[in-house]
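Notes for the structure review
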Amino acid sequence: KAGVTQTPRYLIKTRGQQVTLSCSPISGHRSVSWYQQTPGQGLQFLFEYFSETQRNKGNFPGRFSGRQFSNSRSEMNVSTLELGDSALYLCASSLIPPGTDNTEAFFGQGTRLTVV
Amino acid sequence: AQRVTQPEKLLSVFKGAPVELKCNYSYSGSPELFWYVQYSRQRLQLLLRHISRESIKGFTADLNKGETSFHLKKPFAQEEDSAMYYCALFTGRRALTFGSGTRLQVQP
(Lines give C-alpha, C1' and ligand atoms only; values in the text may rest on other atoms or scores of the structure.)
Protein backbone atom coordinates (compact mmCIF):
# COMPACT_ATOMS: atom_id res chain seq x y z
CA LYS A 1 0.00 0.00 0.00
CA ALA A 2 1.13 3.58 -0.55
CA GLY A 3 3.06 5.17 2.27
CA VAL A 4 2.68 8.58 3.82
CA THR A 5 3.12 11.24 1.17
CA GLN A 6 4.30 14.74 1.91
CA THR A 7 4.33 17.59 -0.55
CA PRO A 8 6.28 19.48 -1.53
CA ARG A 9 9.59 17.77 -0.77
CA TYR A 10 11.56 21.01 -0.79
CA LEU A 11 10.55 24.61 -0.26
CA ILE A 12 12.40 27.91 -0.07
CA LYS A 13 10.61 30.86 1.44
CA THR A 14 11.51 34.37 2.53
CA ARG A 15 11.23 35.67 6.08
CA GLY A 16 7.79 36.99 6.79
CA GLN A 17 6.04 34.80 4.25
CA GLN A 18 3.71 31.98 5.09
CA VAL A 19 3.84 28.38 3.97
CA THR A 20 1.47 25.40 3.76
CA LEU A 21 2.70 21.83 3.85
CA SER A 22 0.59 18.84 2.93
CA CYS A 23 0.45 15.29 4.23
CA SER A 24 -1.54 12.38 2.82
CA PRO A 25 -1.68 9.52 5.33
CA ILE A 26 -1.82 5.84 4.59
CA SER A 27 -5.29 4.86 3.49
CA GLY A 28 -7.45 4.09 6.49
CA HIS A 29 -5.24 5.92 8.97
CA ARG A 30 -7.10 8.54 10.94
CA SER A 31 -4.35 9.98 13.10
CA VAL A 32 -1.82 12.41 11.64
CA SER A 33 1.02 13.89 13.66
CA TRP A 34 3.51 16.56 12.67
CA TYR A 35 7.10 16.87 13.85
CA GLN A 36 9.85 19.39 13.28
CA GLN A 37 13.37 18.05 12.87
CA THR A 38 16.39 20.34 13.23
CA PRO A 39 20.05 19.58 13.92
CA GLY A 40 19.94 21.55 17.14
CA GLN A 41 16.62 20.47 18.65
CA GLY A 42 16.13 17.06 17.06
CA LEU A 43 12.61 15.78 16.52
CA GLN A 44 9.97 17.84 18.24
CA PHE A 45 6.25 17.23 18.30
CA LEU A 46 4.08 19.92 16.73
CA PHE A 47 0.52 18.60 16.85
CA GLU A 48 -1.69 15.61 16.29
CA TYR A 49 -5.02 15.35 14.52
CA PHE A 50 -7.59 12.64 14.75
CA SER A 51 -10.90 12.69 12.95
CA GLU A 52 -10.45 16.31 11.87
CA THR A 53 -9.81 17.55 15.41
CA GLN A 54 -6.55 18.69 16.90
CA ARG A 55 -6.08 16.49 19.95
CA ASN A 56 -2.74 17.72 21.18
CA LYS A 57 -0.22 20.46 20.51
CA GLY A 58 3.46 20.78 21.28
CA ASN A 59 5.31 23.81 22.56
CA PHE A 60 5.34 25.88 19.41
CA PRO A 61 4.09 29.43 18.89
CA GLY A 62 0.70 30.16 17.43
CA ARG A 63 2.30 30.84 14.05
CA PHE A 64 2.25 27.07 13.61
CA SER A 65 -1.19 25.72 12.86
CA GLY A 66 -2.76 22.85 11.05
CA ARG A 67 -5.92 21.12 10.07
CA GLN A 68 -7.21 17.77 8.97
CA PHE A 69 -9.79 17.10 6.33
CA SER A 70 -12.52 14.50 6.24
CA ASN A 71 -10.34 12.22 4.10
CA SER A 72 -7.67 12.41 6.86
CA ARG A 73 -5.29 14.46 4.74
CA SER A 74 -3.62 17.12 6.80
CA GLU A 75 -2.06 20.48 6.17
CA MET A 76 0.32 22.43 8.31
CA ASN A 77 0.67 26.18 8.05
CA VAL A 78 3.42 28.43 9.31
CA SER A 79 2.82 32.17 9.15
CA THR A 80 5.32 35.01 9.40
CA LEU A 81 8.25 32.73 8.74
CA GLU A 82 11.45 33.19 10.69
CA LEU A 83 14.93 31.95 9.84
CA GLY A 84 14.70 29.51 12.74
CA ASP A 85 11.76 27.77 11.11
CA SER A 86 14.13 26.20 8.61
CA ALA A 87 13.79 22.49 9.25
CA LEU A 88 12.62 19.16 8.00
CA TYR A 89 8.92 18.79 8.75
CA LEU A 90 7.79 15.23 9.16
CA CYS A 91 4.30 13.87 9.08
CA ALA A 92 3.36 10.53 10.64
CA SER A 93 0.13 8.60 10.29
CA SER A 94 -1.33 5.76 12.28
CA LEU A 95 -4.62 3.97 12.62
CA ILE A 96 -5.07 5.49 16.05
CA PRO A 97 -2.76 7.82 17.97
CA PRO A 98 0.84 6.54 17.99
CA GLY A 99 1.74 4.60 21.06
CA THR A 100 -1.76 3.62 22.07
CA ASP A 101 -2.31 -0.10 21.99
CA ASN A 102 1.08 -0.61 20.46
CA THR A 103 0.12 1.26 17.29
CA GLU A 104 2.95 2.05 14.92
CA ALA A 105 3.45 5.51 13.45
CA PHE A 106 4.47 5.58 9.78
CA PHE A 107 6.51 8.56 8.70
CA GLY A 108 6.64 10.44 5.44
CA GLN A 109 9.89 11.54 3.84
CA GLY A 110 9.36 15.07 5.01
CA THR A 111 9.29 18.54 3.57
CA ARG A 112 12.54 20.44 3.84
CA LEU A 113 11.76 24.09 4.42
CA THR A 114 14.46 26.70 4.03
CA VAL A 115 13.73 30.24 5.12
CA VAL A 116 16.04 32.90 3.71
CA ALA B 1 8.35 16.42 32.32
CA GLN B 2 9.10 13.53 30.01
CA ARG B 3 12.55 13.28 28.53
CA VAL B 4 14.56 10.82 26.45
CA THR B 5 18.33 10.90 26.57
CA GLN B 6 20.67 9.28 24.10
CA PRO B 7 24.12 10.15 25.40
CA GLU B 8 26.11 9.17 22.32
CA LYS B 9 25.87 11.18 19.12
CA LEU B 10 28.07 8.74 17.26
CA LEU B 11 28.92 5.13 17.85
CA SER B 12 31.48 3.52 15.59
CA VAL B 13 32.11 -0.22 15.66
CA PHE B 14 33.63 -2.84 13.40
CA LYS B 15 31.57 -5.41 11.57
CA GLY B 16 30.91 -8.39 13.81
CA ALA B 17 31.36 -6.44 17.04
CA PRO B 18 28.55 -6.12 19.60
CA VAL B 19 26.51 -2.94 19.59
CA GLU B 20 24.72 -1.18 22.42
CA LEU B 21 22.90 2.08 21.81
CA LYS B 22 21.97 3.71 25.06
CA CYS B 23 18.64 5.26 25.89
CA ASN B 24 17.47 6.61 29.23
CA TYR B 25 14.08 8.11 29.88
CA SER B 26 12.35 10.23 32.44
CA TYR B 27 8.61 9.81 32.79
CA SER B 28 6.32 9.61 35.79
CA GLY B 29 3.78 7.34 34.16
CA SER B 30 4.02 3.84 32.73
CA PRO B 31 6.36 4.19 29.74
CA GLU B 32 5.82 2.92 26.23
CA LEU B 33 9.14 2.95 24.44
CA PHE B 34 10.17 2.55 20.84
CA TRP B 35 13.27 2.50 18.73
CA TYR B 36 13.08 4.17 15.31
CA VAL B 37 15.73 3.93 12.63
CA GLN B 38 16.55 6.14 9.66
CA TYR B 39 18.77 4.68 6.97
CA SER B 40 20.52 7.00 4.55
CA ARG B 41 18.02 8.77 2.31
CA GLN B 42 15.12 6.77 3.71
CA ARG B 43 12.25 7.73 5.93
CA LEU B 44 12.11 7.22 9.65
CA GLN B 45 10.71 3.79 10.45
CA LEU B 46 9.88 1.79 13.52
CA LEU B 47 12.50 -0.76 14.49
CA LEU B 48 10.96 -2.23 17.60
CA ARG B 49 8.74 -1.48 20.57
CA HIS B 50 9.20 -2.68 24.11
CA ILE B 51 5.70 -3.98 24.51
CA SER B 52 6.06 -6.67 21.87
CA ARG B 53 9.48 -7.85 23.12
CA GLU B 54 10.42 -8.77 19.59
CA SER B 55 13.75 -9.02 17.85
CA ILE B 56 14.03 -7.20 14.56
CA LYS B 57 17.09 -7.53 12.31
CA GLY B 58 18.89 -9.07 15.27
CA PHE B 59 18.24 -6.06 17.52
CA THR B 60 16.65 -6.38 20.94
CA ALA B 61 15.84 -3.88 23.65
CA ASP B 62 14.80 -4.53 27.20
CA LEU B 63 12.95 -2.05 29.32
CA ASN B 64 14.62 -1.64 32.71
CA LYS B 65 12.28 0.38 34.87
CA GLY B 66 14.70 0.45 37.78
CA GLU B 67 17.38 2.10 35.70
CA THR B 68 14.84 3.87 33.45
CA SER B 69 16.67 2.56 30.43
CA PHE B 70 15.78 1.00 27.09
CA HIS B 71 19.12 0.20 25.49
CA LEU B 72 19.23 -1.26 21.99
CA LYS B 73 21.54 -4.21 21.49
CA LYS B 74 22.81 -6.43 18.74
CA PRO B 75 25.43 -9.13 19.29
CA PHE B 76 27.10 -8.85 15.86
CA ALA B 77 26.90 -5.61 13.90
CA GLN B 78 26.52 -5.63 10.12
CA GLU B 79 27.48 -2.88 7.71
CA GLU B 80 23.85 -2.47 6.70
CA ASP B 81 23.04 -1.50 10.30
CA SER B 82 24.73 1.85 9.74
CA ALA B 83 21.99 4.42 10.29
CA MET B 84 20.59 6.99 12.66
CA TYR B 85 18.76 5.47 15.63
CA TYR B 86 16.18 7.29 17.73
CA CYS B 87 14.72 6.19 21.01
CA ALA B 88 11.17 7.45 21.56
CA LEU B 89 8.75 7.58 24.45
CA PHE B 90 5.00 7.73 24.13
CA THR B 91 3.82 10.17 26.72
CA GLY B 92 0.15 9.41 26.69
CA ARG B 93 -0.48 12.90 25.32
CA ARG B 94 -0.81 11.40 21.87
CA ALA B 95 2.77 12.33 21.03
CA LEU B 96 6.14 10.71 20.79
CA THR B 97 9.07 12.31 22.59
CA PHE B 98 12.27 11.51 20.73
CA GLY B 99 15.84 11.38 21.91
CA SER B 100 18.47 13.32 19.99
CA GLY B 101 19.54 10.21 18.10
CA THR B 102 22.72 8.17 17.79
CA ARG B 103 24.48 7.64 14.51
CA LEU B 104 25.77 4.09 14.24
CA GLN B 105 28.69 3.53 11.89
CA VAL B 106 29.65 -0.05 11.22
CA GLN B 107 33.04 -0.26 9.60
CA PRO B 108 34.13 -3.21 7.45
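Our structure's up above, just so we're on the same page.
Moving on to the interface of chain A and chain B. Contacts between the two partners involve 23 residues from chain A, matched on the other side by 18 residues from chain B. Summed over both partners, the interface of chain A with chain B comes to about 1,900 Å²; 50% of that surface belongs to carbon and sulfur atoms. Linking chain A with chain B are one salt bridge, by the criterion used here. Our count for the chain A to chain B interface comes out at four residue pairs in polar contact (both at pLDDT 80 or more). Elements with a contribution of two residues or more to the side of chain A that touches chain B: strand E4 (31–38), strand E5 (42–50) and strand E6 (53–57) of chain A. In terms of residue count, the dominant contributor to the side of chain A that touches chain B is E5(A) (four residues). Split into classes, the residues belonging to the side of chain A that touches chain B amount to ten nonpolar, nine polar and four charged.

Now for the sheet that holds strand E7 (residues 64–68) of chain A. Note on sheets: strands pair through backbone hydrogen bonds, and any given pair is parallel or antiparallel. Residues and elements named next belong to chain A. In space, the four strands of this open sheet follow the order E1-E3-E8-E7, with antiparallel pairing throughout. Looking at strand neighbours, the two that pair on one side only are strand E1 (5–7) and E7, the edges of this open sheet. Each neighbouring strand pair of the sheet contributes to a mean axis angle of 20°, computed without reference to strand direction.

All names here are of chain A. Across the nine residues that make up E5, a large majority, eight, are buried. Here E4 pairs with E5 via eight bridges, running antiparallel. Pairing of Val32 across the sheet is with Tyr49, part of E5. Where E4 hands over to E5, the hairpin turn is made up of three residues, counted between the paired strands. Where E5 meets E6, four bridges bridge the pair, whose relative direction is antiparallel. Residue Phe50 lies in a different strand from E6, and its bridge partner there is Thr53. Hairpin remark: E5 followed by E6, antiparallel, with two residues in the connecting loop; positive phi at Ser51, about 50°.

So, about the pattern of salt bridges. Summed over the entire model, instances satisfying the criterion amount to eight salt bridges over all chains. Residues A:Arg63 and A:Glu82 are paired through a salt bridge, measuring 3.6 Å at the closest nitrogen-oxygen approach. Separated by 19 residues along the polypeptide, A:Arg63 in the loop between E6 and E7 and A:Glu82 in the loop between strand E8 (74–78) and strand E9 (87–94) bring together distant segments of the chain. On the basis of relative accessibility, which here comes to 15%, the residue A:Arg63 falls in the buried class. For B:Asp81, the salt bridge is made with B:Lys74, and the minimal N-O distance between the two is 2.8 Å. For B:Asp81, a relative accessible area of 3% corresponds to the buried category. Look at B:Lys74 and you get buried, because its relative accessible area is 9%. Members of the salt-bridge network, linked through shared partners, are A:Arg63, A:Glu82 and A:Asp85.

The rules behind each value
- Residues numbered from 1 in each chain as written.
- Chains lettered and ligands numbered in written order.
- Predicted model: local features only at pLDDT ≥ 70, side-chain atom pairs only at ≥ 80, totals over all residues.
- Heavy atoms only, no water.
- Contact = heavy atoms within 4.5 Å.
- Buried area = accessible area lost by both parts, 1.4 Å probe.
- Salt bridge = Lys/Arg side-chain N within 4 Å of Asp/Glu carboxyl O.
- Polar contact = N/O pair within 3.5 Å; in protein donor to acceptor, adjacent residues only side chain to side chain.
- Helix = DSSP H or I, 4+ residues; strand = E, 2+ residues; numbered from the N terminus.
- Nonpolar A, V, L, I, M, F, W, Y, C, P; charged D, E, K, R; others polar.
- Pairing = 2+ DSSP bridges.
- Axes fitted to C-alpha atoms, helices over the stretch in contact; angles between N-to-C directions.
- Buried < 20%, exposed > 50% of the residue type's maximum accessible area, 1.4 Å probe, protein only.

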